[in-house]
Amino acid sequence: MSEPVNVLIVGVGGQGVIMVSKALAWLAQSRGLEVKQSEVHGMAKRGGSVFSHVRFGEQVWSPTIPRGEADILVALEWAEGLRWLPFLKPEAGIFICDTKRIVPPFACLNRRPGAPMRYSRETPAEVKAHVAEGYAIDATQMAEELGNERAANVILLGALSTALDFPPEDWEKAVAEFVPKKTVAVNLEAFRRGRAWIEEARLLAPTAEAPAAIAPARVSPPGPAPAYAPRLEIVREWCKSCDICVKLCPERCLRLDAERIAELADPAKCTGCRLCEWLCPDFAIRVHLDAVAPQGAAA
Amino acid sequence: MKAASEAAGGPQQAKAEVRPLTGNEAIARGAWEAGVKVAAAYPGTPSTEILESLARYPAEDLHAQWSTNEKVALDVAIGASFAGKRALAAMKHVGLNVAADAFMSQAYIGSNGGLVIAVADDPGIHSSQNEQDTRIYGQFATVPVLEPSDAQEALDFTRLAFELSERFDTIAIVRTTTRLAHTRSPVALGARQEAPARGFNESPAKNVMIPAHARPRHVAVLERERKLKEYFETAPINRVEMGGDRAFGVITAGTCYPYVREVLPGASVLKLGASWPLPEGLLARFCESVERVFVVEELEPVIEREVRALGFKAEGKQFFPRVGEFSPEIVRAGFEKASVLAPRAQRPAWTPEPLVRPPVLCAGCPHTSSYMAVRASGARVAGDIGCYTLACLDPLRGMDTTVSMGSSIGNAIGMSKAGDTKPVMATIGDSTFLHAGIPGLIDAVYNNANITVVLLDNHITAMTGGQDHAGTGKTLRGEAAPRVDYEALVRAIGVKWVRTVDSYDLAAMYQTLREAIAHRGVSVVISNRPCVLDPVKIKGPALTVVNEQCNACQSCMNLGCPALTWDENTFEGRHKVKIDQSLCIGCTLCAQVCTIDCIKPTHSVGAVAQ
């Protein structure tokens with residue numbers, strides 16, 4: 001008995017991971033194959049990571065794809081693609097990834113000057129070196145050109161279709177079945193563009209290496225190096241103990257002292273963000289940014 | 001389909017329609033085919049879709065309803081069973097805790113019309129507060145627990161559960177897990193069969209559990225267990241699949257079975273369709289037929305303990321963990337550790353550092369402003385269960401405790417009576433308040449607790465995907481229903497200080513919380529704004545940050561709004577902020593907290609830089 005085909009589809013809540021996987025599962029089932037499609041969607045609507053395992057073949061046991069056994073990994077978001085890379089077959093897996101970046105609020109919490117965004121730094125070229133066959137598509141940009149940003153997922157479905165052995169007409173039936181009725185035309189066009197994009201990428205690079213297939217992703221540069229250290233000047237006479245600064249300090253490093261005057265309780269946590277200075281109704285707080293390196297101070 | 005479809009006992013139709021269904025949809029289908037007349041549930045991941053699916057079958061076939069909580073749902077189902085009709089209650093694992101009082105007593109009473117509880121466990125804690133094992137409840141109450149391993153079995157076992165319930169005069173549990181509940185696989189559909197009519201069984205000795213009646217019922221329960229064990233000795237849902245190799249055999253059930261088959265396609269397996277009660281003869285014969293016995297089961301060693309009690313040296317939890325969800329990898333690792341499988345060659349895995357992406361409150365979520373105000377109030381905050389539990393994380397960090405549905409108010413009373421030095425606050429969503437918060441509020445008034453209760457009214461059960469409840473004005477089938485008037489309800493309980501505030505008015509929220517805290521005794525603040533996703537997705541005109549003016553104080557980033565992110569430009573080394581126009585719904589919270597008023601309606605700013 002032949003092994004089942006394993007397709008892992010991943011992304012962020014709201015991107016259409018479940019729609020893409022349902023369309024694939026429907027198609028495989030219509031060809032008379034046993035299909036299992038497994039997702040965990042409890043948190044899907046709340047911007048968490050979403051994944052769906054689709055397995056089909058003559059017989060399928062586990063609903064989930066074992067690590068290292070996905071034939072194809074389709075990612076609707078760049079960092080989610082990287083997260084699931086260990087599930088791809090190391091020697092033969094195909095990686096199809098949108099370069100779209102959805103930066104979670106968690107990645108932007110560090111207020112220290114020069115702090116980097118906590119988003120994946122790997123470039124498409126680095127990723128390519130670690131997969132058998134990789135494609136980084138700016139599907140979101142392509143979908144915007146079609147006038148419907150939400151069609152990016154169907155562009156990826158089009159890309160996926162080239163890696164599986166179903167006729168394009170059947171794929172298009174599956175697309176028409178699962179997208180909203182009003183958007184069938186634009187989604188069919190999106191599907192064809194996704195397909196054409198991959199075929200062109202393969203043509204440009206006929207070897208499995210496919211170096212031209214990797215488009216540059218928009219990776220954020222590291223911020224400027226920190227050049228100063230924060231110091232708080234609190235004018236005791238002006239403070240009226242309202243404790244607005246204490247309650248709204250993002251680092252929670254302020255408190256009221258024994259005389260109920262604001263004080264910096266935890267200087268190591270202070271990032272010098274000036275929020276207390278901005279919020280103080282009595283101008284009692286000033287934040288000084290003392291230079292720590294002479295060459296940085298000039299900035 | 002596999003042998004399981006014979007198990008239901010129904011005649012196989014020549015051309016059964018095959019459709020991909022999730023485990024939840026299959027349970028609903030099975031209940032409908034079994035002729036269920038009344039079904040009730042309180043939504044809870046991963047069980048929610050069972051009732052949602054049932055509500056898509058004709059109203060002439062069955063009554064389906066959202067209940068206020070799981071205990072009420074089970075009581076409704078019990079009532080229908082008393083009336084002689086087949087009835088289903090569906091819930092998540094922790095829902096059975098809420099329903100446990102009725103469940104444990106009804107286990108003595110048994111059933112008239114078939115009475116089935118579908119319980120979905122959550123191994124791995126995808127969306128719950130714990131990973132308790134429902135099979136132990138079956139053992140505790142001495143009722144049968146059927147464990148389907150795929151959607152086909154979910155349908156078949158649900159039908160069978162109704163038959164067993166009536167035949168053995170018992171509640172029957174169909175136990176699934178998150179994985180099965182949310183996995184689609186092909187299911188052969190059958191026709192609906194109306195169950196034979198039974199009238200009300202006028203038998204107080206069986207139906208009224210006073211001590212004199214309960215004592216003989218306990219004896220009957222034990223006799224029932226004996227009969228069930230006898231039945232399961234030969235029931236087709238428990239099956240032995242002997243492989244060529246007798247060096248070892250595997251006993252497994254439910255969703256672990258496909259993992260075992262994935263990893264050991266040819267092994268000798270005893271696949272149990274019912275994980276309680278366990279047929280001793282069948283277990284013994286299987287154990288004697290192989291040299292080593294492994295038990296592969298998620299969570300608690302329910303089957304393993306039973307096999308050991310029979311005197312066999314079963315191996316289980318030393319190789320397969322007692323925590324978390326299983327996968328083919330975990331089952332393989334266990335058999336490798338047990339030297340049954342040779343270790344696989346280590347693949348050189350390249351693992352980029354994964355991005356942290358916890359679920360977040362949506363852009364424009366009314367809970368965001370509620371918790372900004374709660375956080376600024378400096379109170380000790382007892383939280384509760386819902387989307388808003390996410391406010392315990394950075395940057396809102398607006399919650400100190402969360403225990404179980406409705407606990408916030410009782411917890412707050414305790415904190416206050418214990419003399420917490422901060423003002424004490426309970427925060428609770430509308431659906432959770434109706435579910436289990438009202439008795440806590442009565443307790444607070446009765447015992448004159450000095451607490452503030454913030455009722456986060458977003459007009460829906462949001463966490464589970466937007467289900468109606470008694471406060472939304474709609475039933476499960478979408479019909480108009482009376483709405484609970486929270487202010488009137490709270491006043492009727494005896495609360496003197498009640499105020500309703502628009503959640504989006506941050507200053508009013510904060511000011512109201514201050515006044516509520518100043519009030520001695522119980523105060524209630526109703527933070528009122530609909531969920532931005534359900535019942536309708538709300539999208540207003542987006543806002544824009546005037547980049548040149550932004551001073552990068554990132555005050556707005558304190559909201560944790562997913563539409564706000566760093567801009568490439570910096571001020572004093574810190575990133576300025578920009579707004580994702582496709583996500584922003586225009587709630588204006590960021591503009592309200594902006595220290596220099598540089599967040600404006602997009603149309604007033606003109607061309608947006610991004």
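What counts, and where the lines are drawn
- Residues numbered from 1 in each chain as written.
- Chains lettered and ligands numbered in written order.
- Predicted model: local features only at pLDDT ≥ 70, side-chain atom pairs only at ≥ 80, totals over all residues.
- Helix = DSSP H or I, 4+ residues; strand = E, 2+ residues; numbered from the N terminus.
- Rg over C-alpha atoms; globule rule 2.2 N^0.38 Å.
- Buried ≥ 20, exposed ≤ 12 C-beta atoms within 10 Å, placed from the backbone.
- Contact = placed C-beta atoms within 7 Å.
- Pairing = 2+ DSSP bridges.
- Nonpolar A, V, L, I, M, F, W, Y, C, P; charged D, E, K, R; others polar.
- Arc of directions from axis to C-beta.
- Core = buried A, V, L, I, M, F, W, Y, C linked by C-beta atoms within 7 Å.
- Domains from an automatic or database assignment.
- Axes fitted to C-alpha atoms, helices over the stretch in contact; angles between N-to-C directions.
- Parallel < 35°, antiparallel > 145°, perpendicular 65-115°, else oblique.
- Left-handed = near helix turned anticlockwise from the far one by under 90°.
- pLDDT = per-residue confidence, 0-100.

Quick word on the overall build of chain B
The helix and strand inventory of chain B stands at 21 helices and 23 strands. Against the globule reference of 25 Å for 610 residues, chain B gives a C-alpha radius of gyration of 27 Å, in line with a compact fold. Projecting the C-alpha coordinates of chain B onto the three principal axes gives extents of approximately 80 × 65 × 50 Å. In chain B, buried positions account for 56% of the 610 residues. Expressed as a percentage of contacts within chain B between residues at least 6 apart in sequence, the contacts between residues at least 24 apart total 75%.

Notes on the sheet that holds strand 6 (residues 145-146) of chain B
Residues and elements named next belong to chain B. Read from one edge of the open sheet, 7 strands run 3-2-4-5-7-6-12, paired in mixed fashion. In this open sheet, the two strands that pair with only one neighbour each are strand 3 (63-66) and strand 12 (274-276). The sheet contact formed by strand 6 and strand 12 spans 2 bridges and is antiparallel. Its bridge partner lying in strand 12, V145 is registered against W276.

Considerations on the interface of chain B and chain A
Counting residues at the interface gives 58 residues for chain B, matched by 59 residues for chain A. For the side of chain B that touches chain A, the secondary-structure elements that each account for two or more residues are helix 8 (178-181), strand 8 (183-188), helix 11 (256-263), helix 14 (328-337), strand 21 (564-571) and strand 22 (574-579) of chain B. Split into classes, the residues belonging to the side of chain B that touches chain A amount to 27 nonpolar, 21 polar and 10 charged.

A short note on helix 6 (residues 168-178) of chain A
Within the span of helix 6 of chain A, buried status applies to A:W171, A:A174, A:V175 and A:F178. End-on view of helix 6 of chain A: buried residues confined to an arc of 100°, all on one side of the axis.

Thoughts on the nonpolar core
Core analysis: the biggest nonpolar cluster contains 162 residues, and A:I155 and A:L156 have the highest contact counts within it. Counting residues per element, this core draws most heavily on helix 1 (residues 17-30) of chain A, which supplies 8 residues. Beyond its immediate stretch of four places on either side in the chain, A:I155 contacts A:I137, A:A139, A:M142, A:A143, A:A190, A:R193 and A:G194. Counting residues in hydrophobic clusters, the runner-up holds 104 residues, among them B:A34, B:A73, B:A118 and B:L160.

Digging into the domain arrangement of chain B
Residues and elements named next belong to chain B. Per the domain assignment, the segments of chain B are domain 1 (4-234), domain 2 (239-337), domain 3 (366-528) and domain 4 (543-605). Across the contact, 7 residues belong to domain 3 and 10 residues belong to domain 4. At 3 residues, helix 15 (residues 366-376) tops the list of elements feeding residues into the side of domain 3 that touches domain 4. Here the side of domain 3 that touches domain 4 is composed, by residue class, of 5 nonpolar, 2 polar and no charged.

As for the packing of helix 11 of chain B against helix 14 of chain B
Residues and elements named next belong to chain B. Interhelical geometry of helix 11 versus helix 14 gives an angle of 60° and a closest axis separation of 9 Å. As the angle between them shows, helix 11 and helix 14 are arranged oblique. You can see that helix 11 and helix 14 cross each other, and the crossing is right-handed. On helix 14, the residues touching Y259, V260, E262 and V263 of helix 11 are P328, V331, R332 and F335. Along the lines of polarity and charge, the residues of the contact of helix 11 with helix 14 split into 6 nonpolar, no polar and 2 charged.

Considering the confidence of the model for chain A
All names here are of chain A. Overall, the prediction assigns chain A a mean pLDDT of 87, with 88% of residues at 70 or greater. When the criterion is pLDDT under 50, residues 206-221 qualifies, and its contacts beyond four places in sequence or with other chains add up to 36 contacts. Low pLDDT, under 50, characterises residues 294-299; the predicted model gives this stretch 8 contacts beyond four residues in sequence or across chains.

Some words on the sheet that holds strand 17 (residues 451-457) of chain B
Residue and element names in this part refer to chain B. Within the open sheet, the 5 strands sit side by side as 15-16-17-19-18. Their pairing is parallel. A single partner strand is all that each edge strand has here, and the edge strands are strand 15 (380-382) and strand 18 (497-502). Sheet twist, expressed as the average angle between the axes of neighbouring strands with direction ignored, equals 20°. Bridge count for strand 16 (residues 424-429) against strand 17 is 6 bridges, and the pairing is parallel. Within strand 17, the position partnered with I428 by the bridge is L455. Each of strand 15, strand 16 and strand 17 is contacted by helix 16 (residues 407-417), which is oriented at about 180° to strand 16, the strand it contacts most. The sheet contacts of helix 18 (residues 486-493) involve strand 17, strand 18 and strand 19 (523-528), and relative to strand 18 the element is tilted by about 165°.

What about unusual backbone geometry?
Residues and elements named next belong to chain B. The residue after T45, namely P46, is reached through a cis peptide bond having omega 5°. With respect to the secondary-structure elements, P46 resides in the loop between strand 2 (38-41) and helix 3 (49-54). Look at the link from D534 to P535: it is a cis peptide, with omega at 0°. With respect to the element layout, P535 can be found in the loop between strand 19 and strand 20 (543-545). A positive phi angle, close to 65°, is found at S339, a residue other than glycine. As for its position among the elements, S339 is in the loop between helix 14 and helix 15. Its 11 C-beta neighbours within 10 Å are what place S339 among the exposed residues. Within the chain, A552 stands out as a residue other than glycine whose phi angle is a positive 55°.

With respect to helix 15 of chain B
In an α-helix, one turn spans 3.6 residues; hence positions three or four apart end up facing the same way. Burial of helix 15 of chain B is extensive: 11 of the 11 residues sit out of reach of the surface. Downstream of helix 15 of chain B by one or two residues, B:G378 has phi in the positive range, about 70°.

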